[in-house]
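Observations on the model geometry
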Amino acid sequence: MTPRKMSLKQKYGAYTRGLDWKPTYQREDDVFPFAKYEGIKIHDWDAWEDPFKLTMDAYWKFQAEKERKLYAVIDSMAQNNGQLGITDARYLNAVKLFIQGVTPLEYQAHRHFAHLARHLPGAGLRVAAQMQSIDELRHCQTQIHTISHYNKYFDGIHDFTHMHDRLWYLSVPKSFFDDATSAGPFEFLTSISFAFEYVLTNLLFVPFMSGAAYNGDMATVTFGFSAQSDESRHMTLGLEAVRFLLEQDEANVPIVQGWIDKWFWRGYRLLSLVGMMMDYMLPKKVMSWGEAWETYYEQAGGALFADLARYGIREPKYADVAKAEKGHMTHQAWGIFYNYTHAAAMHTWDIDEAHMAWLREKYPDTFAQHYEPRYRKWREQAEEGKRFYNNGLPQLCQVCQIPMAFTEVGDPNTISFRVSEHGGDRFHTCSDGCKDIFDHEPEKYAQAWLPVHQIFQGACGGATLPEVLDWYHINQGADNMDYAGSPEEEQWNRWMEGRRPVVPVAAE
Amino acid sequence: MATASLHPGYTGPVRDRVENFNGAQLVYVHWEEHLNFCSAITLPLPPQTPFAALTGEILPSLYAVDPEWAEVDLSKARWMLDGADWTPDPARSLADQGVGHKSLIRFWTGPSATA
């Protein structure tokens, strides 16, 4: 008898729930040991409706098609000296930040979604986690392949995984993800799938990918397109997972709300690196951080939380602080990098007049008054041959690990210092948001590997800056320091000199 | 609140205990109203460091890169230690006058010192 061809729905059912079984000689709680300790109550795993009915064979087919397109563009980029098509060598610093800070997170996401694909008790959700795990591995690989072309010509890209584990500013994204993966499966879903992938992802991907498009980086744009359909699947998973938790039991609501509050703030602090990139590192600007925040958080997020109100969920705590800070945050973040460019695997530079005019226009209430004078003073010092570098090491926030540069709401001249006591020690945080997170789980954050403190414990290669930079694998004099005078600037000027159109000799 | 965990009573090593700093303790210093220095600065200092060494050697080594530092008279500065007003004695050590591990010292100079 010829087997009947299955409909798509039947095929999907057979490939997902059809593969599941009830354990008989082991207790369910022993098979899924992580399922209950967070306090989340699930009564009916079968109530999970898969938002996208994608079977594994269809998944492979889609992904293979996208890969073919992407690798054709990468090859063409390599053959046609695509690095010459970017707007300016300074643009590459956005790419450095991406591969050092974001790509390793894709790999961490791959690992942890694989963990969820094993440990979530519901078969539908397990399959979704498995596909996302493979997506994340693919993103990590395709980002590395895309950006490796630039590694042939530009500095700071050569050892990004090593740097991710050690550098002070990369401990910000690293510790963010470590926090999520060391939480239980439902907090991880809420943190990464919902708060990050659903609520905040447009603030990560749109700026980097549009920034690439505006600045002639076609390889990164193509990667962005290749990841886009995956990202929309991830967003849907995040939203549906949170709805599922909220619908299963009323007692889940306050737990999920606590996670939304925490991960909104963690994500927002992480995005200060992205916002800085948008406002400062793109020679051709896409939109300002302030505008992006209004569009992608205040409007889109406002609608989302209005919709979730029927479950008893409110807007994240401290969303008002993020709104109030939006005219200050990126300038303060750029100040950190300008202070410590000698210890970073990327460059910063003087803000020229055209850039200042753009910043004044985008931030009419804050830039000219508070930040422009600072930049002009730094420029004066640089012109005297005394480019400003901070000789000390910064105080770091115990939770977000960003140097404590952010100011009090409404008082941009005063740093926001918060402190908690735990077990007889002081712990400093940068904001009420980070302090709340610390105070909720002090046993967790008291273990933070703070790069500055580790240097002073003697754990980072030595007591002098060159020794620490060696330990970071920073190629000193190339990866670090101001763009002015860097080998990259010299190379870029040489390239452009060769490409400058020949000016016709005037008829004499 | 306790961390939700598989094993109730979960705790972990506190990574920055004072005994991990080879005899020094961490002290954070911040020159207020000079945010060209983006944040407070972390220093590993022996507890017996005299306050005069902080003002005479350590702070100038950090802040003299700002031309305004040349005008600063630290004897007229206003000080705050861990959130409370503070009148340090230059002759005594940091530990003797309440500076502990991960203490925060903030100071104001110029017109705001008297504000």
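Above this text sits the structure in question.
Now for a description of the structure that goes with this document.

Cut-off values and rules
Residues numbered from 1 in each chain as written. Chains lettered and ligands numbered in written order. Predicted model: local features only at pLDDT ≥ 70, side-chain atom pairs only at ≥ 80, totals over all residues. Heavy atoms only, no water. Contact = heavy atoms within 4.5 Å. Buried area = accessible area lost by both parts, 1.4 Å probe. Salt bridge = Lys/Arg side-chain N within 4 Å of Asp/Glu carboxyl O. Polar contact = N/O pair within 3.5 Å; in protein donor to acceptor, adjacent residues only side chain to side chain. Helix = DSSP H or I, 4+ residues; strand = E, 2+ residues; numbered from the N terminus. Pairing = 2+ DSSP bridges. Axes fitted to C-alpha atoms, helices over the stretch in contact; angles between N-to-C directions.

Now for the interface of chain B and chain A. Chain B puts 44 residues into the contact, and the matching count from chain A is 50 residues. Summing both sides of the interface, chain B and chain A together bury roughly 4000 Å²; the carbon and sulfur share of this comes to 53%. Summed over the three residues of chain B that lose the most area to chain A, namely B:Arg15, B:Leu35 and B:Cys38, the buried surface amounts to 16% of that side. Remark: the boundary between chain B and chain A carries four salt bridges. A salt bridge links B:Asp82 to A:Arg426; the nearest nitrogen and oxygen atoms lie 3.3 Å apart. Run the count over chain B and chain A and you get 24 residue pairs in polar contact (both at pLDDT 80 or more). Secondary-structure elements contributing two or more residues to the side of chain B that touches chain A are strand E1 (25–31), strand E2 (41–45), helix H1 (51–63) and strand E5 (103–108) of chain B. Sheet topology places strand E1 (residues 393–394) of chain A next to E2(B); two bridges connect them, and they run antiparallel.

Below, the discussion takes up the sheet that holds E2(B). With mixed pairing, six strands are arranged side by side in an open sheet as E1(A)-E2(B)-E1(B)-E5(B)-E3(B)-E4(B). In this open sheet, the two strands that pair with only one neighbour each are E1 of chain A together with strand E4 (84–86) of chain B. Inspection of the sheet shows strand E3 (residues 78–81) of chain B paired to E4(B) by three bridges, in the antiparallel sense. The residue of E4(B) that forms the bridge with B:Leu81 is B:Ala84. Docked against the sheet, H1(B) engages E1, E2, E3, E4 and E5 of chain B, running at close to 135° with respect to E2(B).

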